[in-house]
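# A closer look at the structure
In case you want the letters, here they are:
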Amino acid sequence: MLSVNRTAMPAVREVIDHRDELGVTVAELENGATCIDCGVHVPGSYRAGALFVEICLAGLATTAITLDRVGDVPVPFLHLAVSHPALACLGSQKAGWVLKAGDYSAMASGPARALSLKPKKTYKMLGYRDTSRTGILVLEADTLPDEEVTGFIAEKCGIDPENLYVLVAPTRSLVGSVQISGRVVTATLHKLEEKGYDVRRISHAAGRSPIAPVKRTGIEAMGTTNDCNIYYGSVSLVTEGYDPVFATLPSRTSPDYGRPFARVLKDAGYDFLKVDSLLAFSPAEVTVNDSESGEVRRFGSLNADVLLESFGVLQSQV
């Protein structure tokens, strides 16, 4: 059986070995844990963001960044192809661990979740648990974890702190923008999981999403990064059989569709309970290839107007 922590380690080593070129810093804490800053106090880079995504997906995905257009505006795009989609996406990349240790809090993703079993229902569904002595966790946070936090993580994962690697990037950073676009496939599988579909019937997955511009505040960044997937994210799935649930995947099926996500939050008084909980887990469009029948179905469509509004693109008169 694959060990998601072991398959992710080559990408972690690449980040550590090329830290200067990638615009990241690496620190060994007093308890031996390794903390990699990918955007809190450093600029990061597009390549660092792509590796961040690959690590989140347990090394079971390949990524590429290209320049394309949203409407007539040139925008960088992240492309990814995922093998073992259920394990890579839900068993690793899904932000399934709301980490709280002392005064520190963060959304935690990555292979070490398969050691801590966060959340247990996902790993029960997958029939999977990793037994690696090394753990790799990815945090979406504005501050770096200390010895107390990394010690807490190591304890929950059942490993020694010196075998723990933690990568951190705020949403309002370049790596943060890349890594949210890199969740477009995982968001789709999570929505299927929530609707009761057996995601193990998805044999292959690929996705593409624009990379959001870096914004000043976390709320602005949360809006633009999610809008990349909601309004312009594309996902392709190869499945064993067809299910009507696929028609519910595109973001157009949400009652909150049509406005930038930051505005949806503002209109809801920043009360997430008043927002369709699955809107942020919806790509703009999905193509499903039923490998049993050979049929291909497409659902949803792209919406450049809302995305460019979200980006706040200023058109030069020159």
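Quick note: structure is the one above.
Every value quoted in this text rests on a predicted model; they were computed, and no experiment measured them.

### Considering the nonpolar core
L57, V185, L189, L192, L237 and F246 are the most contacted members of the largest nonpolar core, which totals 38 residues. Per-element accounting of this core gives the leading share, five residues, to helix α4 (residues 85-93). In contact with L237, other than residues within four places in its own chain, are T188, L189, L192, I202, H204, A205, V286, T287, V288 and N289. Ranked by size, the runner-up nonpolar core spans 23 residues in total, among them V40, A141, C157 and L164.

### Things to note about the packing of aromatic side chains
By convention here, two paired aromatic rings are described through the distance between centres and the angle between planes. One pass over the full model with this rule turns up four aromatic pairs. Plain terms: the ring middles of Y231 and Y257 are 5.0 Å apart, the flat faces sit at 45° to each other, and that makes the pair tilted. Pair noted here: Y231 is in helix α10 (residues 218-232) and Y257 is in the loop between β10 (234-239) and α11 (261-267), with a separation of 26 residues, a long-range link. Neither residue differs from the other here; Y231 and Y257 are each classed as buried. Arranged with centres 5.6 Å apart and planes meeting at 65°, the rings of Y242 and F246 form a pair that is edge-to-face. Residue classification places F246 among the buried residues on the basis of a relative accessible area of 0%. Members of the aromatic cluster, joined through ring pairs, are Y197, Y242 and F246. The lysine or arginine in question, R297, covers the ring of Y242, its NZ or CZ lying 3.8 Å from the ring centre.

### Section: the packing of helix α3 (residues 46-56) against helix α8 (residues 174-181)
Viewed as axis vectors pointing N to C, α3 and α8 meet at an angle of 40°, and their least axial separation amounts to 8 Å. Considered as vectors, α3 and α8 are oriented oblique to each other. The two elements α3 and α8 cross, and the hand of that crossing is right-handed. Packed against α3, whose contacting residues are Y46, A48, G49, A50, F52 and V53, the element α8 presents L174, V175, V178 and Q179 at the interface. Here the contact of α3 with α8 is composed, by residue class, of eight nonpolar, two polar and no charged.

### Considerations on the pattern of salt bridges
Tallying each qualifying case throughout the model produces twelve salt bridges. A salt bridge links R47 to E54; its shortest N-O distance comes to 3.9 Å. R47 sits in the partly exposed class, given a relative accessible area of 36%. Accessibility expressed as a relative area gives 13% for E54, which makes it buried.

### Things to note about the sheet that holds strand β5 (residues 97-101)
Spatial ordering of the open sheet is given by β1-β2-β8-β7-β6-β5, a layout of six strands whose pairing is mixed. Whereas interior strands pair on both sides, the edge strands pair on one side only; in this sheet they are β1 (25-28) and β5. The average undirected angle you get between the axes of adjacent strands in this sheet is 30°. Pairing geometry for β5 and strand β6 (residues 104-109), over five bridges, is antiparallel.

### With respect to helix α12 (residues 304-311)
Among the eight residues of α12, six are classified as buried, and the element is accordingly described as predominantly covered. Residues of α12 that are buried make contact with β3 (61-70), β4 (73-83), β9 (202-210) and α10. Two or three places before D305, at the start of α12, stands the capping residue N303, its side-chain oxygen 3.3 Å from that residue's backbone nitrogen. G312 occupies a position one or two residues after α12 and carries a positive phi of about 70°.

### Quick notes on unusual backbone geometry
Residue P119 is bonded to the preceding K118 through a cis peptide linkage, with omega at -5°. Tracing the backbone shows P119 in the loop between α5 (113-116) and α6 (120-126). Phi at L117 takes a positive value of approximately 55°, unusual for a residue other than glycine. Note that L117 resides in the loop between α5 and α6. Residue classification places L117 among the buried positions, given a relative accessible area of 16%.

### A look at the packing of α3 against α4
One way to put it is that α3 packs onto α4 with a least axis distance of 9 Å and a crossing angle of 95°. In terms of axis orientation, α3 runs roughly perpendicular to α4. Contact residues: V53, I55 and C56 in α3; A88, S92 and Q93 in α4. Considering only residue class, the contact of α3 with α4 consists of four nonpolar, two polar and no charged.

Parameters and conventions
- Residues numbered from 1 in each chain as written.
- Predicted model: local features only at pLDDT ≥ 70, side-chain atom pairs only at ≥ 80, totals over all residues.
- Heavy atoms only, no water.
- Core = buried A, V, L, I, M, F, W, Y, C linked by side-chain atoms within 4.5 Å.
- Buried < 20%, exposed > 50% of the residue type's maximum accessible area, 1.4 Å probe, protein only.
- Helix = DSSP H or I, 4+ residues; strand = E, 2+ residues; numbered from the N terminus.
- Contact = heavy atoms within 4.5 Å.
- Phe/Tyr/Trp six-rings, centres within 6.5 Å; stacked < 30°, edge-to-face > 60°.
- Lys NZ or Arg CZ within 6 Å of the ring centre and 35° of its normal.
- Axes fitted to C-alpha atoms, helices over the stretch in contact; angles between N-to-C directions.
- Parallel < 35°, antiparallel > 145°, perpendicular 65-115°, else oblique.
- Left-handed = near helix turned anticlockwise from the far one by under 90°.
- Nonpolar A, V, L, I, M, F, W, Y, C, P; charged D, E, K, R; others polar.
- Salt bridge = Lys/Arg side-chain N within 4 Å of Asp/Glu carboxyl O.
- Pairing = 2+ DSSP bridges.
- Polar contact = N/O pair within 3.5 Å; in protein donor to acceptor, adjacent residues only side chain to side chain.

Note that every value here comes from positions in space, so none of it alone points to a role or purpose.
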